[in-house]
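Reading the structure
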Amino acid sequence: MSYYPGCTLKTKALNFEASAIAAMAALGVNLVELPRWNCCGTVYSMAEDDLAHHIAPVRNLVRVSEQGSGKVVTLCSFCYNTLKRADLLMRNSPEKRDAINAFMDEEIDYQGDVEVVHLLEVLRDDLGWEEIAREVKVPLEGLKVVPYYGCTLTRPQEAAIDSVENPTVLQELLRVLGVTVLDFPLATECCGSFEIVSRPDSVTERAYAILGMALRKGAEAIVVSCPLCAHNLGQQQPKIAEKYGNFPGIPIIYFTQLLALAVGISPELCRFDLNFGEVEALLEKKGLLPQCERSGVGE
Amino acid sequence: MSVPEENKDSSTVEAPVAKKKGVPEGVGKLIPVYVMGKRYEVPETLTIMKAMEYAGFKFIRGCGCRGGICGACATVYRRAGDYRLRVGLACQTVVEPNMYLTQIPFYPANRASCDFSQLTSSPEEIFKLYPELFRCIACNLCTKACPMDVEVMDYIAALKQGNIARAATLSFNCIQCGLCASRCMGELPQYHIAQLARRIYGSKIAPQAEHLVEVAAAGSSGKYDAYLEALMKMSEEELRRLYQEREMEPEIAPEDWVPNNKEYL
Ligand code: SF4
Ligand code: SF4
Ligand code: FES
C-alpha cells in the first residue's frame, strides 16, 4: 500500500512511523513509502485565489498516480487533511484543477483519481476490528486512556474519517487492543495547532484545558494520531506546571505504538523514549512490557 | 518590461546589426540573437559565451572556467514566441536563432555563517541556520532553472525530511550558479543550504576513508617536507623537466597499476 510519511515523521515523530510500519507488517500490510515525495503543504490553504499552496499536496498526489497506485495512506493527521482536501479541490473545481495542472507542466496531469486515507481508516475498513482482534498477542489490559482526535481527522465534514461531532474509530481500535477507554468530552477540541508559532500562550491554555480534563477523568495517558497535537500537548506540560503548579503531567502516546505493542512488536521498536512523559514506566507498572526486553539494560 | 520596438519581430523587421563584419571562413551561417534586448548576428556554431565575445562583449564577470564547472556564466533565455524560460551555461550552450538572453553571473542569496567544527550531524542544525527552508512550497521552479539538471526541489524536500545524506547526493552536481535562488517562490538560498548539507555529510556522516586519514597523518608527520622543500628550491627549468618527465597513469590501466617510483606512496 502506497504510504506517504510526511516530513515530521522523518524528524520529530520517528516513534510514530517506526511503530506503524512494524505493527502493519505484523498485520500483513506492507506500507511502501513513495520513492519520491515532498512536504504535504502543511496547512490546507483556504484562500479562494491562493492556488500556489495547493501545488505541494497535488504534486504528492501525482507521485502516487505515477506509482500506478490508486490509494495513499498517511499517518500524520495533518498530512491526511491537507492531501485529502487538495484531492477534493482537484475533483470538484475543474477550473482550479486545470490551472494547477497547467502550472505543473513538467508533471502528468492530476485528475483526482487517488484516494487519500488515514491509517485508522485502513485499520477499520480494510482490515476490520475482528481481524485485528485475532492478531492481538498482548492485550493492553488495565491501561486507562482517553482518545484525542484534535481537528484534522474529522474536520471539515468532507474530509472527515468519522463522525464530525462524535467520532468513535479511535475508541473502537483501543478497545480491540484491550485498553480501557474513558469518556472524553474534549476529544475533538483543538489543541491550538500552528498557533504554537505565533501565540504559544494560547496553546498553553488549550493544552491545560485538554490535559486537565484527561487527568480528571482518570486517564493515565492520552492517545493521539497527530505529531502537532503530540507536540503541543506534550511540550506545554512543563509550562503548565510552572504556571499553575500542582500539575502531575500525563504521557502522550501515538495509537500506532499501542497497536504495535498489542500485536507483539518489541517495545524497543516502538521508540517510547521519544514520547513525552514516562511511557515505559507506565507500561511497566501495568505489566505490559515483556519482562526480558528492557531496552538499554544489559549485563 | 517592454520590448524595444526593434526587437519585436526578428523575421519581418530588419533590425540594425551591431557587429558588421564579413563572415569569417568556416564559422557557418550567421543567426540573430538578442543579448539584453539588442540584436546581434553571430555564427550559429558558437556557444553563447563565444557568440557574445564575437559580438564585442568582453567578460570581466560572468565567465570563469569556460568548461562548465565553475557556475559563473549562468544564462537565462527565451525563444521567440515560447513562454518557457530556459537556462544554460553560456560556455556550454550553443546559440539558437532568435534567442533572447541575458547572463545572471550573481544572484543575492544569504549564506548563514557558523562555526562548522561545532555543528553536529543533526538536521536541526540546518533548520536553525536556514529556517527559510520551510518556506518551500514545492513549486519546482528551481529544478526547472537548474542548468546542471540537479533535482533542486527534491534536495530541499530531502532536507525538510531530515535526510542530509540524500540531499548531499542529489545536490552533488551543483556548481553554485545561483539560478535556483533567482526563481524561488519561497526565497530560499537553495545552493548554500545544499553546500552546508554536503559539508555536514562529508565530514560528519559519511564513513571516513581510512587511507585518506593515513596519508594526511603522514603529511603532518613530515614525510613529504624534504621533497617539498627541494621542489621549492628548484629552478624553473628543473621544474619544467620534472613536470614533462612525470609518470602518468595510462588511459587504460589495470586495476592494480602503480608508478615505478613508489617513494611517496
Ligand atoms: S542547484 Fe542551483 S546553484 Fe546549483 S547548479 Fe542548480 S541552479 Fe545552479
Ligand atoms: S523554487 Fe523554492 S519554493 Fe519552489 S520548489 Fe524550489 S525551493 Fe521550493
Ligand atoms: S565559465 Fe565556468 S561554467 Fe561557464
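Here's a quick rundown of the structure.

Conventions and cut-offs
- Residues numbered from 1 in each chain as written.
- Chains lettered and ligands numbered in written order.
- Predicted model: local features only at pLDDT ≥ 70, side-chain atom pairs only at ≥ 80, totals over all residues.
- Heavy atoms only, no water.
- Axes fitted to C-alpha atoms, helices over the stretch in contact; angles between N-to-C directions.
- Helix = DSSP H or I, 4+ residues; strand = E, 2+ residues; numbered from the N terminus.
- Left-handed = near helix turned anticlockwise from the far one by under 90°.
- Contact = heavy atoms within 4.5 Å.
- Nonpolar A, V, L, I, M, F, W, Y, C, P; charged D, E, K, R; others polar.
- Buried area = accessible area lost by both parts, 1.4 Å probe.
- Salt bridge = Lys/Arg side-chain N within 4 Å of Asp/Glu carboxyl O.
- Core = buried A, V, L, I, M, F, W, Y, C linked by side-chain atoms within 4.5 Å.
- Buried < 20%, exposed > 50% of the residue type's maximum accessible area, 1.4 Å probe, protein only.
- Pairing = 2+ DSSP bridges.

1. Section: the packing of helix H6 (residues 119-127) of chain A against helix H8 (residues 169-176) of chain A
All names here are of chain A. Relative to each other, H6 and H8 sit at 65°, their axes nearing to 10 Å. Seen along the crossing, H6 lies across H8 with a hand that is left-handed. Across from Leu120, Leu123 and Arg124 in H6, the residues of H8 making contact are Val169, Leu170 and Leu173. Grouping the constituent residues of the contact of H6 with H8 by class yields five nonpolar, no polar and one charged.

2. Some thoughts on the interface of chain A and chain B
Contacts between chain A and chain B engage 18 residues on the former and 19 residues on the latter. Across the chain A/chain B interface, buried area totals approximately 1400 Å², and carbon plus sulfur atoms make up 53% of it. The largest share of the area that chain A buries against chain B comes from Arg36, Phe103 and Asp105 of chain A, three residues that together contribute 29% of it. At the boundary of chain A and chain B, one finds five salt bridges. When the shortest N-O distance is used, the salt bridge between Lys144 of chain B and Glu106 of chain A registers 3.2 Å. Of all elements in the fold, only helix H1 (7-11) and helix H3 (55-66) of chain A reach the threshold of two or more residues within the side of chain A that touches chain B. The element contributing the most residues to the side of chain A that touches chain B is H3 of chain A, with four residues. The residue inventory of the side of chain A that touches chain B, partitioned by class, reads eight nonpolar, three polar and seven charged.

3. Concerning the nonpolar core
Met24, Leu123, Leu177, Ile222, Leu233 and Leu259 of chain A are the most contacted members of the largest nonpolar core, which has 103 residues in total. Per-element accounting of this core gives the leading share, seven residues, to helix H4 (residues 77-92) of chain A. Excluding residues that lie within four positions of it along the chain, Leu233 of chain A makes contacts with Tyr148, Cys191, Ala207, Ile210, Leu211, Ile222, Val224 and Ile252 of chain A. Counting residues in hydrophobic clusters, the runner-up holds 32 residues, among them Ala56 of chain A together with Phe116, Ile164 and Ile200 of chain B.

4. Some details on the side chain of Asp154 of chain B
Here Asp154 of chain B lies in helix H4 (residues 152-160). Setting aside anything within four residues of it in sequence, one finds Asp154 of chain B in contact with Arg36 of chain A together with Arg166 and Leu170 of chain B.

5. Things to note about the sheet that holds strand E2 (residues 38-43) of chain B
Working definition: the strands of a sheet are paired by backbone hydrogen bonds and lie parallel or antiparallel to each other. Residues and elements named next belong to chain B. Across the sheet, which stays open at both edges, the five strands sit in the order E2-E1-E5-E3-E4 with mixed pairing between neighbours. Across the chains shown, the open sheet's two edge strands, defined by having one partner strand only, are E2 and strand E4 (86-89). Between one strand axis and the next, the sheet turns by 35° as a mean value, whatever way the strands run. As judged from the six bridges shared by strand E1 (residues 30-35) and E2, these two strands associate in the antiparallel manner. In the sheet register, Val33 faces E2, and the bridge partner there is Tyr40.

Nothing here speaks to function; it is all geometry.
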